[in-house]
Each structure stands twice: as C-alpha cells, then as structure tokens.
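# Structure assessment
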Amino acid sequence: MHHAVIRAESLRKVYGEGDTEVVALRDVSISTERGEVAALLGPSGSGKSTLLTALGLLNLPERGRIWLAGRPVVADGVALTDLAAVRRSMIGFVFQKANLIPFLTARENVLLALQLNDRVGRSAGARAQELLGYLGVGGRADHYPEQLSGGQQQRVAIARALANRPPLILADEPTAALDSHRGRDVMELFKRIAHEQGAAVVVVTHDHRTLDVFDTIHEMEDGVLTRAAAPPPAHAPPRTADPNPEASP
Ligand SMILES: Nc1ncnc2c1ncn2[C@@H]1O[C@H](COP(=O)(O)OP(=O)(O)O)[C@@H](O)[C@H]1O
Ligand SMILES: [Mg+2]
C-alpha cells in the first residue's frame with residue numbers, strides 16, 4: 001500500500017465574482033506518492049499555478065480537501081493546522097525565477113532556509129555546503145547571486161528548497177529561464193531527489209522535450225485535470241536505470 005505525500009480531492013477555486021468570475025479549479029483531484037515525479041502540463045491560464053499553490057498551502061480553494069503525509073490540512077477553505085509551520089518544514093518551492101536574496105551568498109541563502117526551521121550552527125553550515133555540492137554549485141558557495149549564471153542561481157534556489165528535506169517539492173516552470181540542456185539537468189535532478197530521498201515532486205512545465213523524465217503526467221485544461229495514460233515516448237537517449245520500478249515485472 002502506497003502513502004500519498006500529497007492528496008487533494010475535489011478542489012474548487014474561483015477568482016472574482018459576477019462578470020469577472022473565473023473558475024480556476026473545477027473539482028480537481030490529484031495524488032502524488034513518495035518517490036514519484038509528476039508533471040503538470042497545460043496551456044497558459046488553465047489553472048496550473050493555482051493548483052500548485054493550493055497543494056503548497058499558499059492559497060486555499062473554497063471547496064475540497066487536502067492531506068499532507070496522510071494528515072488532513074485543509075477542508076473546504078478552512079485550515080486544519082498551522083499551515084505556515086507545515087509549509088516551512090514539509091514543502092520546498094521552486095519558482096520560475098530563483099528569487100535569491102541578493103545581498104546573501106549562495107551558502108547564506110541556503111542557510112537562511114535552515115535557520116527558519118531552527119537549524120543553526122556548524123551542522124547547518126555543513127548541510128548548506130553539502131546541498132550546494134549535491135547540486136553541482138559547491139564551488140560557488142561564497143558567490144553572490146549576481147555573480148552566478150541563471151542556471152547556477154536556479155540550482156541554489158533548488159538547494160534552498162531542499163534544505164529541510166521536505167517530503168513534498170513543488171516547482172512552477174523551474175526551467176523556463178534556462179536553455180534546454182540546463183532545463184533537462186534540473187528535471188533529472190528532481191528525479192534523483194525523488195528517488196534518493198523519497199520525496200514527491202510536482203513540476204509545472206511547458207517543456208515537452210523533458211517529459212520522459214517524469215513518472216506521471218497530468219494535464220490541465222480550463223480548470224479540469226486529467227491524467228495522461230502514460231508518459232510519451234522518450235526523445236532522449238535511452239536510460240540505463242529503470243525510472244519506474246513499480247512498472248517492472
Ligand atoms: N489572483 C488572481 N485573481 C484573479 N484571477 C486569477 C488570479 N490568479 C489566476 N487567475 C486566473 O485564474 C486562471 C488560472 O490561472 P493560473 O492558475 O495562473 O493558470 P496557469 O498557471 O495555468 O497559467 C486564469 O484565468 C487566471 O487569469
Ligand atoms: Mg502559471
């Protein structure tokens with residue numbers, strides 16, 4: 001039996017009212033398990049970011065329920081727990097832009113996330129350095145964001161999102177500002193994190209060239225979510241490791 005890290009049932013989110021009413025989520029249900037990397041596709045305005053921020057407990061849908069690690073956290077627009085605390089400790093966000101704090105070094109940007117969860121001292125410093133190394137930017141730890149390329153900044157932002165080993169990682173078009181090679185690197189990295197750390201990862205993406213990286217593909221259109229039957233065939237070179245052990249005989 002699998003445990004969903006995040007599960008949402010029958011989410012409904014409406015912006016505005018009357019003439020300007022927009023139904024951004026219509027009865028959306030989704031569930032992502034430990035070790036699963038899910039893509040969220042769909043045209044602009046279809047509700048992807050609204051769904052991601054709902055799953056991230058940043059915006060509450062007025063209808064539907066959300067469970068995080070099996071615990072009910074939201075029901076019909078009502079928070080059932082301290083959402084900010086849950087967010088800080090259990091959810092890592094990566095956005096289209098790295099949004100690093102410009103007057104902090106790469107290491108300090110990661111340290112800040114640890115400190116917000118009361119992780120301080122030498123072990124936190126070591127953890128920050130370890131994460132930057134894991135992301136391939138260990139040699140840039142003392143650089144400021146403006147001294148880093150876009151791809152390096154995004155890696156630091158991902159290190160920051162991973163700092164507290166969140167069981168859930170949400171990324172909204174994280175590779176939009178990167179070239180396709182770097183974009184693939186980032187997607188492969190999410191997969192490694194999911195598989196090595198048992199995290200559930202949900203990524204909004206427009207990049208159809210990297211879809212072979214994902215275990216699951218969801219499509220959104222006009223506030224309605226459908227799950228694609230299977231990932232499309234890979235355009236990339238064949239992989240050596242089986243990306244989806246559950247599908248193995
Ligand atoms: N804060 C908001 N106020 C009003 N309408 C919004 C707001 N955010 C999003 N919308 C509308 O909700 C719909 C879904 O938006 P969004 O979730 O951002 O879609 P996507 O991320 O797929 O582009 C769109 O029609 C958008 O214009
Ligand atoms: Mg969006």
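In the block above lies the structure referred to throughout.
A short tour of the structure in this document, coming up. Keep in mind that this is a model prediction, so the values were computed, not measured.

## A closer look at the site of ligand 1
- By nearness alone, every residue bordering ligand 1 is listed as Tyr-15, Val-22, Ala-24, Pro-43, Ser-44, Gly-45, Ser-46, Gly-47, Lys-48, Ser-49 and Thr-50.
- Gly-47 places a main-chain nitrogen or oxygen 3.0 Å from an oxygen atom of ligand 1.
- Protein burial of ligand 1: of its 560 Å² of free accessible surface, 58% is covered by the chains.
- Elements supplying a minimum of two residues to the shell around ligand 1: strand 2 (22-33) and helix 1 (48-55).
- Grouping the amino acids of the shell around ligand 1 by side-chain chemistry returns four nonpolar, six polar and one charged.

## A word on the sheet that holds strand 3 (residues 37-41)
- A sheet is described by the order of its strands in space; here six strands give the open sequence 7-8-9-3-10-11, paired in mixed fashion. Edge positions in the sheet fall to strand 7 (91-94) and strand 11 (224-227), since each of these pairs with one other strand and no more. Here the strands of the sheet are splayed against their neighbours by 20 degrees on average, with no regard to which way each runs.
- Along the sheet face, helix 2 (residues 83-90) touches strand 7 and strand 8 (168-172) and points at about 75 degrees away from the line of strand 7.
- Seen against the sheet, helix 5 (residues 150-162) touches strand 7 and strand 8 and runs at an angle of roughly 165 degrees to strand 7.

## Details of the packing of helix 3 (residues 106-115) against helix 5
- Orientation of helix 3 relative to helix 5, taken along the N-to-C sense of each, is 25 degrees, at an axis distance of 8 Å. When the interaxial angle is binned, helix 3 and helix 5 end up roughly parallel. Regarding helix 3 and helix 5, the two cross each other, and that crossing is right-handed. Residue-level contacts link Ala-106, Asn-109, Val-110 and Ala-113 of helix 3 to Val-156, Ala-159 and Arg-160 of helix 5.

## Let's talk about helix 6 (residues 180-197)
- For helix 6, built from 18 residues, the straight-helix expectation of 26 Å at 1.5 Å per residue is met to within 8% by its first-to-last C-alpha distance of 25 Å.
- Among the residues making up helix 6, those that are buried are Gly-183, Val-186, Met-187, Leu-189, Phe-190, Lys-191, Ile-193 and Ala-194.
- Phi turns positive, to about 70 degrees, at Gly-198, one or two residues after helix 6.

## Notes on the nonpolar core
- Grouped together as the largest cluster of nonpolar side chains are 42 residues, with contacts concentrated most on Val-110, Leu-132, Val-156, Ile-158, Phe-190 and Phe-214.
- Mapped by element, the contributors of at least two residues to this core are strand 3, helix 3, helix 4 (121-134), helix 5, strand 8, helix 6 and strand 9 (200-204).
- Grouped together as the second largest cluster of nonpolar side chains are 28 residues, Leu-11, Leu-68, Val-74 and Ala-200 included.

## Here we look at the packing of aromatic side chains
- The tally for this structure, following the rule as stated, stands at one aromatic pair.
- Ring centres of Phe-93 and Phe-95 lie 5.7 Å apart, and the angle between their planes is 5 degrees; on these two criteria the pair is classed as stacked.
- Taking the ring centre of Trp-67 as reference, the NZ or CZ of Arg-7 above it sits at 4.0 Å.
- Over the face of the ring belonging to Tyr-134 we find Arg-192, whose NZ or CZ atom lies 4.4 Å from the ring centre.

## Details of the side chain of Asn-59
- Of note, Asn-59 is situated in the loop between helix 1 and strand 4 (63-68).
- At a separation of 3.4 Å, a polar atom in the side chain of Asn-59 contacts the side chain of Lys-13.
- Setting aside chain neighbours within four positions, we find Asn-59 in contact with Lys-13, Tyr-15, Thr-50, Thr-53 and Ala-54.

## Some details on the pattern of salt bridges
- On inspection of all chains with the given rule, the structure shows eight salt bridges.
- For Arg-107, the salt bridge goes to Asp-142, with nearest N and O atoms at 2.4 Å. Of this pair, Arg-107 sits in helix 3 while Asp-142 sits in the loop between helix 4 and helix 5, and the two are 35 residues apart along the sequence.
- With its nearest N and O atoms 3.0 Å apart, the salt bridge here joins Arg-209 to Asp-207.
- In this structure Asp-207 comes out as buried when scored by relative accessible area, which is 10%.
- Each of Arg-184, Glu-188 and Asp-212 takes part in a single network of salt bridges with overlapping partners.

Definitions and limits used
- Residues numbered from 1 in each chain as written.
- Chains lettered and ligands numbered in written order.
- Predicted model: local features only at pLDDT ≥ 70, side-chain atom pairs only at ≥ 80, totals over all residues.
- Heavy atoms only, no water.
- Near = heavy atom within 4 Å.
- Polar contact = N/O pair within 3.5 Å; in protein donor to acceptor, adjacent residues only side chain to side chain.
- Areas by Shrake-Rupley, 256 points an atom, 1.4 Å probe, with all protein chains shown as cover.
- Helix = DSSP H or I, 4+ residues; strand = E, 2+ residues; numbered from the N terminus.
- Nonpolar A, V, L, I, M, F, W, Y, C, P; charged D, E, K, R; others polar.
- Pairing = 2+ DSSP bridges.
- Axes fitted to C-alpha atoms, helices over the stretch in contact; angles between N-to-C directions.
- Contact = heavy atoms within 4.5 Å.
- Parallel < 35°, antiparallel > 145°, perpendicular 65-115°, else oblique.
- Left-handed = near helix turned anticlockwise from the far one by under 90°.
- Expected span 1.5 Å × (residues − 1).
- Buried < 20%, exposed > 50% of the residue type's maximum accessible area, 1.4 Å probe, protein only.
- Core = buried A, V, L, I, M, F, W, Y, C linked by side-chain atoms within 4.5 Å.
- Phe/Tyr/Trp six-rings, centres within 6.5 Å; stacked < 30°, edge-to-face > 60°.
- Lys NZ or Arg CZ within 6 Å of the ring centre and 35° of its normal.
- Salt bridge = Lys/Arg side-chain N within 4 Å of Asp/Glu carboxyl O.

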